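So you can see what is in the structure, the chains are spelled out below.
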Amino acid sequence: MPRPTIVIVPGWRDSGPGHWQSLWAERMQGAVRVVQDDWITPSRAAWVAALEKLILESPGPVIVAAHSLGCIATMHLSDAAAARITGALLVAPADPERRAVLSDFAPVPYARLPYRSILVASSNDPFCPVRLAGAYARAWGSEFVRMQNAGHINVESGHGDWPLGLALLQSLTDEPTTLMAGRPNFEPLATL
């Protein structure tokens, strides 16, 4: 079986420099990042189409590493795209039912996922109450990791490299996840 492609799915306003998703996209061998045409005024149809295209064009199985609204976009995938996914790390999901700019992504699907998933949430995420994240995890059949006072699990809350996230991603694949240093010779930074 070919090595899975890691598909990185940022949320609303993208994941800027220093964000764990940006660092993984730059340093992880075989990782690809979804690029949206409009990060500020997200359209569910456009976001899901861009994600589906990337998944369906991948040469083999896919593991998703999604953050915030990227988690919700992942829930709206077609059956054909979902069938290519073997695992998903869903971090700090958004609550589109309470933010007008994200309302195109509501209602959030509450169907059980056909692949293994881990949902990571914070007790003090300002964009999604931990109880709602727990309800998502139960509905989706996701393993639930509750972090204490970790904010939105982004740069602003002190999560740059985020080794715990990398370890959780590693648990979704049989292959070692290798990060390369941001240097031209690409020496391994860490192997889990």
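For every chain, the first residue of the written sequence is number 1, and numbering continues from 1 along that sequence. Where totals are concerned, whole chains, interfaces and linings use all residues; where local detail is concerned, this predicted model gives features only for residues with pLDDT of at least 70, and gives and counts side-chain atom pairs only at 80 or more. With hydrogens and water excluded, all non-hydrogen atoms of the structure serve as input to the side-chain values.

(A) How the structure looks around the packing of aromatic side chains. Stacked, tilted and edge-to-face pairs are distinguished by plane angle, under 30 degrees for stacked and over 60 for edge-to-face with tilted covering the rest, among Phe, Tyr and Trp rings (Trp via its six-membered ring) whose centres lie within 6.5 Å. This structure, assessed with the given rule, holds 7 aromatic pairs. Between Trp47 and Phe105, the aromatic rings sit 5.7 Å apart at their centres with planes inclined by 75 degrees, giving edge-to-face as the arrangement. Remark: Phe105 occurs in the loop between strand 4 (85–91) and strand 5 (116–122) and Trp47 occurs in helix 2 (residues 44–57); sequence separation between them is 58 residues. In this pair, the class of Trp47 matches that of Phe105, namely buried. An aromatic cluster is defined as three or more aromatic residues linked by ring pairs; in this entry it consists of Trp20, Trp24 and Trp162. For a Lys NZ or an Arg CZ to count as sitting over a ring, it must be within 6 Å of the ring centre and within 35 degrees of the ring normal. When the ring centre of Trp12 is taken as reference, the NZ or CZ atom of Arg13 above it lies at 4.1 Å. The way it works is that DSSP assigns letters per residue, a run of H or I at least four long becomes a helix, a run of E at least two long becomes a strand, and they are numbered from the N terminus. The buried label goes to any residue with under 20% of its type's maximum accessible area, the exposed label to any with over 50%, and the partly exposed label to all in between, with areas taken from a 1.4 Å probe on protein chains only.

(B) Structural detail: unusual backbone geometry. For the bond from Ala106 to Pro107, the omega torsion is -5 degrees, close enough to zero to count as cis. Structurally, Pro107 can be placed in the loop between strand 4 and strand 5. A positive phi angle is found at Arg13, which is not glycine, with a value near 70 degrees. Examined against the element boundaries, Arg13 turns out to sit in the loop between strand 1 (5–9) and helix 1 (20–27). Located in the positive-phi region is Ser68, a residue other than glycine, with phi close to 60 degrees.

(C) Representation of the pattern of salt bridges. Take a side-chain nitrogen of Lys or Arg and a carboxyl oxygen of Asp or Glu: if they are within 4 Å of each other, that pair is a salt bridge. Inspection of the entire model under this criterion finds 5 salt bridges. Here Arg33 ties to Asp14 by a salt bridge, and the two come within 2.6 Å at their closest N and O atoms. Of this pair, Arg33 sits in strand 2 (residues 31–33) while Asp14 sits in the loop between strand 1 and helix 1, and the two are 19 residues apart along the sequence. Accessibility expressed as a relative area gives 28% for Asp14, which makes it partly exposed.

(D) Structural detail: the sheet that holds strand 2. Taking strand neighbours across the sheet as the criterion, the 6 strands line up as 2-1-3-4-5-6 in an open arrangement whose pairing is parallel. Of all strands in the sheet, those with a lone pairing partner are strand 2 and strand 6 (143–147), marking the two edges. Taking each pair of neighbouring strands and ignoring which way they run, the sheet shows an average axis angle of 15 degrees. Two strands form a pair only when DSSP identifies at least two bridges running between them. Relative to strand 4, strand 3 (residues 62–67) runs parallel, the two being bridged by 6 bridges. Its bridge partner being in strand 4, Val62 is matched across the sheet by Ile85. The strands touched by helix 1 are strand 1, strand 2, strand 3 and strand 4; relative to strand 3, the strand with the most contacts, the crossing angle is about 150 degrees. Whether two residues are in contact is decided by their heavy atoms, any of which lying within 4.5 Å being enough. Where helices are involved, their axes are fitted lines through C-alpha atoms of the stretch in contact, as for all axes, and angles between N-to-C directions lie from 0 to 180°. This element, helix 5 (residues 130–140), spans strand 4, strand 5 and strand 6 of the sheet and lies at about 175 degrees to strand 5.

(E) Up close: the environment of Val9. By the element assignment, Val9 lies in strand 1. Exposure remark for Val9: the relative accessible area of 2% places this residue in the buried category. C-alpha of Val9 to C-alpha of Ala65: the two residues are 56 residues apart in sequence and 6.0 Å apart in space. For Val9, the contacting residues outside a window of four places in its chain are Gln21, Val34, Leu51, Val64, Ala65, Ala66, His67, Gly70 and Thr74.

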